[in-house]
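Here is how the chains run, residue by residue.
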Amino acid sequence: MLVARVIVVAVLAALSSVYVLAGAPGTALVFAVQCLLTFRSRSLWLVAVQAVLVCWVTLGSGASVVVLGFLAGSLLVTRLWAVAPLVVFGAVVIAYARTGDVPRTLDLAVTTVLMTLIVPGLIRLVQRVDELHGTRPALAAAAVGEERLRIAAELNDGLGRGLAAIIAGVRRAVAAPAGAGEVLGAVVAEARRSLAEARSAAAGYRAMSLGPELTTARGMLEAAGVAVEVRAGHEEPLGPAGALLAAVLREAVTDVVRRGAARTCVIETAEEGGRVLLRVRDDGRRTAEDGDGLADLAAQVRAAGGELTSDLSPQGRYTVRAALPAPEAGGPDRAGLRLASVDVSVWLLAAVLVGFSLKALLLIPPHLLLPATATLAVIVVMQLRSVTGRHMAALSVMAVLTFAPIPVFGPVWLGVGGFLAGPVLLAFRPWVAWPLAGAVVAATGAVAVRLALPLPESVNVTVSNLVTGLVIYSLLRLAQLARELEAARESLARSAVVEERLRAARDLHDLLGHSLAAILLKCELARRLPPERARAELADVLAMAERAEHDLRAVSGEHRDLSLAAEAEAARATLAAAGVEVTAELAHPPLPPEVETALSAVLREAVTNVLRHSPAARLCSIATSGDGGLVRLTVRNDGARAVTARRGSSGLGNLTTRLAALGGHLTTGVEDGWFALEARVRASDPAALAGDAHGVGTVARV
């Protein structure tokens, strides 16, 4: 990522600038080559170029031996890594030959080792950030693949066996008509069990997420003329909590629609204090009494360790609040997605902090070594806490420990100011952070002057604190960036798993549920018919069961395109078996597969709704049309009851989600005893719709 690369360049530039300012401009060339080694290539010829430059700068121009740390660090990430310790040893020998001072040599040795660790750490950190960024799609795909295998295993174990039993039973009934009644009784029982299992599984997968329920709630409220605002602030999947919150949301929205007095409604979700919160607020109440639905749900919510309350504000706003324990971060719903890896960024930051601390301790008098070590240890711990967020208490402790010990430890403690400047840059907004960090650095310079240090030493302290602050800030930001990318990658994988579960729930309900309902209806009809007429119905059942097996594979992740013409014919047969006269007029032009599949699913659900919710229906019309790139599917039936929201209904929500993914929408309504469902969606290629105006279907009357 660009941000990580910019930060790494800033760290290398800060480290190199110290030696450029010290009178070794050739270090700028070393810096340039180091950037190439970090971002472009780690070939040996580039390392050889760096070696020549480092030797020229160090030996030829008399620059600090610490510059050799650039070369040693680069060698550590090549197959010549064993040479790196020799380079560090050479730097120590040169330092002692130049100074003859053991403490000064130890200081330079620590700094060289620190540089040797920083360079490969930065290289590895860039690699890690790129890997985290690049493997997000792969992790999401792997998570979806695992979820599909799990779903397939679950469904094949139950529904797969059920469909196989239905097919075998129907074939036995066809082969032995004399005993068909008993066999069909068992088939009907199996079909009923399989249908219940399919609906239960769909509800289970759907309950992992509040997303579809929020979409359905928005659609219901908008259809009722209520201005709705949805603010989703929770993390999914929610597991069992999702099912209860979805039920609460469904009941609260149903109540708003039923009362018909609300003009606005706000739906909010959030996670606070280990709990998932849901709030539904509307302006359509005049009293604060609870409905029976909420009273029933309140007991379930309390049994799950949560609470459900409602109240009416003086301004006339009625609010339903539900709170349930959030899934544990390590639980089955959110576990298993984190990849084990060493947090290179944190280790690198710790190494730098310890190295800087050792440099300071080398100059501390022996009798003050223990308290100085303890103080620096506290500062290092506070610094590492900054990786996980903004901790003002830790920052306050560091501020005190940066300046308060100066009278005790003397001028050597002035170098600790850089430890404070780095976290300050991270803790505040830029327009506040940079002036504060500048004030910290300037304060150390002012104290140096106050302590009567020579001007060159005062300037050196100020510049060193500035560089240290920039280096620590950069490393802290890199550590945060790596963690953010890790979290984003896991969040993407979780979202992909949730979406796969929702897809499975939609397909279970819209595809397999419809097929099983039709099989059940046909089998019950065949039981009441004489053998010669039952044979034709059983042939339809076999075809439906085979189609259901294809549907089961589609639910498990196998892609399958549906045909509107085939679905219309299946709808005709299914509704005719229930005594409903069907008129089908398909006048749509050729459609893209994804559009035709979505509309086919809408038609299946519409037929299921006729069978389940309009038992008095005797007429049904199915029509499609295409106009200016817009495709319409309309299904109308008589015998419709008054509109009442059904608890647990997810069919229309599924269809709304399917169509929304293609930029379409769904409308429903009842007028004069007729229920009408209309789906509109724009094809991905409007020219195809505008070009061919003839219908692909025929007018059929049953």
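Student: Which parts of the structure should I look at to understand unusual backbone geometry?
Tutor: The phi torsion of most residues other than glycine is negative, and most of the peptide bonds are trans. The backbone of Ala452 shows a phi angle near 65 degrees, a positive value even though the residue is not glycine. As for its position among the elements, Ala452 is in the loop between helix 17 (430-450) and helix 18 (455-528).

Student: Help me understand the side chain of Asn637 in this model?
Tutor: With respect to the helices, strands and loops of the structure, Asn637 is situated in strand 8 (residues 630-637). What makes Asn637 buried here is its relative accessible area of 2%. Excluding its chain neighbours within four sequence positions, the residues that come into contact with Asn637 are Val610, Ser614, Ala617, Leu619, Cys620, Gly673, Trp674 and Phe675.

Student: What's the story with the nonpolar core in this structure? I'm lost.
Tutor: Side chains of a nonpolar character, in soluble globular proteins, are inclined to be buried together. Formed by 89 residues in total, the largest nonpolar core has its most connected members in Phe70, Leu122, Val352, Leu376, Ile379, Trp413 and Val471. Apart from residues no more than four positions distant in its own chain, Ile379 is found in contact with Met398, Leu401, Trp413, Val416 and Phe419. Grouped together as the second largest cluster of nonpolar side chains are 42 residues, Ile151, Ala202, Leu516 and Leu542 included.

Student: How should I be thinking about the pairing of strand 5 (residues 318-325) in this particular structure?
Tutor: Along a regular strand, successive side chains alternate from one face of the sheet to the other. Within strand 5, six of the eight residues are buried, which leaves the element mostly enclosed by the surrounding structure. For strand 3 (residues 275-282) and strand 5, the ladder comprises eight bridges, and the chain directions are antiparallel. Its bridge partner being in strand 5, Asp282 is matched across the sheet by Tyr318. Sheet topology note: the strand 4 (residues 307-312)/strand 5 ladder contains six bridges and is antiparallel. Within the sheet, the bridge partner assigned to Asp311 lies in strand 5 and is Thr319.

Student: Mind showing me how you'd approach the packing of aromatic side chains here?
Tutor: Two measures describe an aromatic ring pair: the distance that separates the ring centres and the angle between the ring planes. The final tally for this structure, using the stated rule, is three aromatic pairs. When the ring of Phe356 is compared with that of Phe419, the centres are 6.2 Å apart and the planes differ by 40 degrees; the resulting orientation is tilted. Taken as a pair, Phe356 in helix 12 (residues 344-361) and Phe419 in helix 16 (residues 417-427) lie far apart in primary sequence, 63 residues in all. Using a relative accessible area of 4% as the deciding quantity, one classes Phe419 as buried. On the numbers, 4.6 Å between centres and 35 degrees between planes, the contact of Phe409 with Trp413 is tilted. In this pair, the class of Phe409 matches that of Trp413, namely buried.

Student: In this structure, what is going on with the pattern of salt bridges? I would like to understand it.
Tutor: One pass over the structure, following the stated rule, counts 18 salt bridges. The salt bridge involving Asp311 is made with Arg321; its shortest N-O contact spans 2.3 Å. Residue Asp311 is located in strand 4, and its partner Arg321 is located in strand 5; the two are separated by 10 residues in the primary sequence. Glu569 is the salt-bridge partner of Arg572, the closest N and O atoms lying 2.6 Å from each other. With Arg572 and Glu569 both in helix 20 (residues 564-577) and three residues apart, the pair spans about one turn of that helix. Arg572 gets classed as partly exposed once you look at its relative accessible area, which sits at 26%. One continuous salt-bridge network, built from bridges that share partners, spans Glu229, Arg231, Glu268, Arg279 and Arg281.

Student: Quick question: what am I supposed to make of the sheet that holds strand 2 (residues 264-272) here?
Tutor: Paired through their backbone hydrogen bonds, the strands of a sheet run either parallel or antiparallel. Overall, mixed pairing links the five strands, which are arranged 1-2-3-5-4 in an open sheet. Each edge of the open sheet carries a strand with a single partner, namely strand 1 (227-233) and strand 4. The mean inter-strand angle of the sheet, taken between neighbouring strand axes irrespective of direction, is 10 degrees. Relative to the sheet, helix 9 (residues 211-223) contacts strand 1 and strand 2, its axis offset from that of strand 1 by approximately 170 degrees.

Parameters and conventions
Residues numbered from 1 in each chain as written. Predicted model: local features only at pLDDT ≥ 70, side-chain atom pairs only at ≥ 80, totals over all residues. Heavy atoms only, no water. Helix = DSSP H or I, 4+ residues; strand = E, 2+ residues; numbered from the N terminus. Buried < 20%, exposed > 50% of the residue type's maximum accessible area, 1.4 Å probe, protein only. Contact = heavy atoms within 4.5 Å. Core = buried A, V, L, I, M, F, W, Y, C linked by side-chain atoms within 4.5 Å. Pairing = 2+ DSSP bridges. Phe/Tyr/Trp six-rings, centres within 6.5 Å; stacked < 30°, edge-to-face > 60°. Salt bridge = Lys/Arg side-chain N within 4 Å of Asp/Glu carboxyl O. Axes fitted to C-alpha atoms, helices over the stretch in contact; angles between N-to-C directions.

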